[in-house]
Amino acid sequence: MSIKKDAVDIVIVGFGWTGSLMARELAETGLKIVALERGDARDTWPDFAYPRIADELTYGIRLKLFQDASKETVTVRHTQSDTALPYRRFGSFLPGDGVGGAGVHWNGMLWRPLEADLKMRSTVIEKYGADFIPADMTLQDYPFTYEEMEPFFDKFEKICGTAGQAGNVRGQKLEGGNPFEAPRQNPYPTKPLKQQYAGMLFSKAAKALGYHPFPVPAANCSEPWTNPYGVQLGVCNYCGFCERFGCFNYSKGSPQSCVLPALRAYKNIELRTHAHVIRVNTDTSGTQATGVTYIDRDGQEVEQPASLVILSAFQLHNVRLLLLSKIGKPYNPVTGEGVVGRNYAYQMNGGISLFFKDDKYFNPFAASGTTGMYIDEFNAENFDHSRLGFIGGATISATTTGGRPIQQMTLPASAPKWGTGWKKAIKNNYLHSMSIGSSGSVMPYKQCYLDLDPTYKDVHGQPLLRMTFDWQPNELKMTNFIGTKAEEIARLIGPDHYEMQFKGMDAHYDVRPYQSTHTTGGAVMGDNPTTSVVNKYLQSWDVPNLFVLGACCFPQNLAYNPTGIVCATALFAAHAIRTQYLANPGPLVQA
């Protein structure tokens, strides 16, 4: 028998970036808010205290901050005719766990989308015609404009004390920034981070080829900053422990650094950890959420009634909760009907390793997760695709995120894998190598989707989420094209030896090597309920007192890291709830 708690006004499921932002934005309403996080309570101190956090074996290899795949995971297959199997050792992507979620362990690359990213379908049709879109590609526009979202991009950048060089302030192009970026109303809050030698070499070669290199926007504060919530942020000290680690210095943008200190003043917010939500409850009509049910740390089933439910867990978990709760029609890849699980997409990356003799020193250990220089000439619609035969594109960059002794040893393929020869290769290459990388967009397809697995269950007996996904010809063509452009830069830099790591046209998605945690789709936002789960305010079309946040709402995957638009849309939704929904609960957009 379930324990039934007293009803509250708002229940928030998941307490990472979007959940904590939503809690802070709604705190001033005075409404009673309960946030449920299935993992541990974590804060900068003592959980990320130095030197304990600088432990690569515990955090980088054994993945202490991440989801326990023995209790819940996803099953994966390439096509509908394959048998999906459980993903028991995380490699390709790393779902976060505990307070802060994936906002704890990210590198901090904080992008705004390009204007074409938000209107990709319309832009492609306008430039190349509708026939340019492959028949199996379910490309969609976002349901809002860049101008609508700009104040919320700006606000999140200020929450993080973002470091960067603007390229377009109110229509005026600025030297040293990204010339392709959409107009911003304000410069970045803090100056760009310092650049390493790798970025300097990349920039020189890129400029020689006519490109416009710029520093990556960084949620790693470069100077003292107090954010809009009154929280003081520290200055990045380039420790080299960003991805997979919490920041001990209050420098990297995270819920712990930027939001949680401001929430402590509000007595109307309660956070419960070790609360694993298993479903959203609805009334007999199925059109009104009545709260959620979760399993507490003692294994007891608990019902939490609420007037408003906000799903702010990781992308995969939000989609699974909708399917388990029977909210929205599940997507059917055969008929093309249904919406929940539709438009799943990952991200297409590639790289080049460059090796030099001992006359060049790169000192990789002195880095942040965002120590890098980028070019955007081949991203989205910044270039002409008409003769290329693909949609989308990628950034090209030289980034150095650290020099950790286990995972960040860049060695030539010919180096021995163990023993004296391996040690000698490390000595010869550790200070004398760099990389060029690409981060590419992935379009949505009829055959790439999420649903519930009919065979495998989690520790609570619920079906696991099943992922059906493989690389498609469009993205493989794209990455091959990007590889040729990256190789031109590598050759001009002039290493003694370089090795390409771009996928060939026969490549298949492989869950084993880490690629990115940038998984998107499954609860897409849009203007039409037949092709989307939520409206522009991230409000469910079917259950209007349910809001669904995060990258699950992306119609397709951008080349950029998703956190900027994830958090800006959460702030956009919070503003709509505060200024429109609470005064008149109901649909904010008419179907």
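The structure under discussion appears in the preceding block.
Once a new chain begins, its residue numbering starts again from 1 and follows that chain's sequence as written. Given that the model is predicted, a residue must reach a pLDDT of at least 70 before its local features are reported, and side-chain atom pairs must reach 80 or more before they are shown or counted; all residues, however, enter totals for whole chains, interfaces and linings. Remark: hydrogens and water are excluded; side-chain values derive from all non-hydrogen atoms of the structure.

Student: What should I look at first to understand the state of the cysteines in this one?
Tutor: Note on terminology: a disulfide is the covalent bond linking the sulfur atoms of two cysteines. Pairs of cysteine sulfur atoms within 2.5 Å are what we label disulfides. Inspection of the entire model under this criterion finds zero disulfides. Cysteine Cys-242 remains unbridged, with the sulfur of Cys-239 as its closest cysteine sulfur at 5.8 Å. You can see Cys-247 has no disulfide; the closest cysteine sulfur is in Cys-242, sitting 6.5 Å from it.

Student: In this structure, what is going on with helix H14 (residues 563–581)? I would like to understand it.
Tutor: An α-helical turn contains 3.6 residues, so any two residues separated by three or four positions project in the same direction. Secondary structure elements follow DSSP: runs of H or I of four or more residues count as helices, runs of E of two or more count as strands, with numbering from the N terminus. An expected span of 1.5 Å times one less than the residue number is assigned to each helix. When the terminal C-alpha atoms of H14 are compared, their 25 Å separation across 19 residues agrees well with the 27 Å that a helix rising 1.5 Å per residue should span. The buried fraction of H14 amounts to 15 of the 19 residues, a majority that puts the element mostly inside the structure. To sort residues, take the accessible area from a 1.4 Å probe on protein chains only and compare it with the maximum for the residue type: under 20% means buried, over 50% means exposed, and anything in between is partly exposed.

Student: Got a minute to help me understand the packing of helix H1 (residues 17–27) against H14 in this structure?
Tutor: When two helices pack together, their arrangement is given by the angle between their axes and by how far apart the axes lie. Relative to each other, H1 and H14 sit at 30°, their axes nearing to 9 Å. Relative to H14, the element H1 lies roughly parallel. Judged by the twist between their axes, the crossing of H1 over H14 is right-handed. Packed against H1, whose contacting residues are Trp-17, Thr-18, Leu-21, Met-22, Glu-25 and Leu-26, the element H14 presents Thr-563, Val-566, Cys-567, Ala-570, Leu-571, Ala-573, Ala-574, Ile-577 and Arg-578 at the interface. Each residue receives one of three labels: charged for Asp, Glu, Lys and Arg, nonpolar for Ala, Val, Leu, Ile, Met, Phe, Trp, Tyr, Cys and Pro, and polar for the others, Gly being one of them. Taken together, the residues of the contact of H1 with H14 break down into 11 nonpolar, two polar and two charged. Note on definitions: angles span 0 to 180 degrees between N-to-C directions of axes, and those axes are lines fitted to C-alpha atoms, for helices only across the stretch in contact. An angle below 35 degrees is treated as roughly parallel, one above 145 as roughly antiparallel, one from 65 to 115 as roughly perpendicular, and anything else as oblique. Put simply, a crossing is left-handed when the front helix is turned counterclockwise from the back one by less than a right angle, and right-handed when it is turned clockwise. Note on contacts: a residue pair is in contact if any heavy atoms of the two residues lie within 4.5 Å.

Student: What exactly am I supposed to notice about the side chain of Glu-56 here?
Tutor: Mapped onto the secondary structure, Glu-56 falls in helix H3 (residues 56–61). The buried category is assigned to Glu-56, whose relative accessible area is 5%. Those residues within four positions of Glu-56 in sequence are excluded, and the remaining contacts are Ile-61, Phe-245, Arg-404, Pro-405, Ile-406, Gln-407 and Gln-408.

Student: Even after reading the chapter, I still don't get the environment of Gly-210, so can you show me in this structure?
Tutor: Positionally, Gly-210 belongs in the loop between helix H8 (197–208) and strand E8 (214–215). Distance in space between the C-alpha atoms of Gly-210 and Lys-4 is 65 Å, their sequence separation being 206 residues.

Student: I keep staring at the sheet that holds strand E4 (residues 74–77) and nothing clicks. Help me out?
Tutor: Pairing between the strands of a sheet comes from backbone hydrogen bonds, and it takes one of two forms, parallel or antiparallel. In this description, strands pair whenever DSSP reports at least two bridges between them. With mixed pairing, the four strands of this open sheet are ordered in space as E5-E4-E20-E19. Both edges of this open sheet fall to strand E5 (85–86) and strand E19 (449–457), since each of them pairs with a single strand only. Relative to strand E20 (residues 463–468), E19 runs antiparallel, the two being bridged by five bridges. Looking at the pairing, Leu-452 lines up with Leu-465 of E20.

Student: What is the right way to read the packing of H1 against helix H7 (residues 146–160) from this model?
Tutor: At a minimum axis distance of 14 Å, the contact between H1 and H7 shows a crossing angle of 100°. It follows from the interaxial angle that H1 and H7 lie roughly perpendicular. Along its contact with H1, which presents Trp-17, Leu-21 and Glu-25, the element H7 presents Lys-155, Phe-156, Ile-159 and Cys-160. In terms of residue class, the contact of H1 with H7 is made up of five nonpolar, no polar and two charged.

Student: Got a minute to help me understand the nonpolar core in this structure?
Tutor: Core analysis: the biggest nonpolar cluster contains 166 residues, and Ile-310, Met-434, Ile-436 and Met-467 have the highest contact counts within it. Sorting elements by how many residues they give to this core places H14 first, with 12 residues. Residues contacting Met-467, with those up to four places away along its chain left out, are Val-74, Thr-75, Val-76, Arg-77, Phe-93, Leu-316, Tyr-344, Tyr-449, Leu-450 and Tyr-509. Throughout, nonpolar core names a set of buried Ala, Val, Leu, Ile, Met, Phe, Trp, Tyr and Cys residues whose side chains join them through atoms within 4.5 Å. One finds Ala-163, Leu-193, Ala-218 and Cys-236 within the second-largest nonpolar core, a separate group that totals five residues.

Student: Sorry if this is basic, but what is going on with the pattern of salt bridges here?
Tutor: Any two side chains of opposite charge can pair, given that their charged atoms come close. Salt bridges are defined as contacts in which a side-chain nitrogen from Lys or Arg sits within 4 Å of a carboxyl oxygen from Asp or Glu. Under the definition given, this model contains 25 salt bridges. Between Glu-25 and Arg-578 there is a salt bridge; the shortest N-O distance is 3.2 Å. Within this pair, whereas Glu-25 is found in helix H1, its partner Arg-578 is found in helix H14, the two being separated by 553 residues in sequence. For Glu-25, a relative accessible area of 5% translates into the label buried. Several salt bridges share partner residues, and in doing so they unite Arg-38, Glu-72, Asp-97, Arg-320 and Asp-458 into one network.

All we've got here are geometric facts, nothing functional implied.
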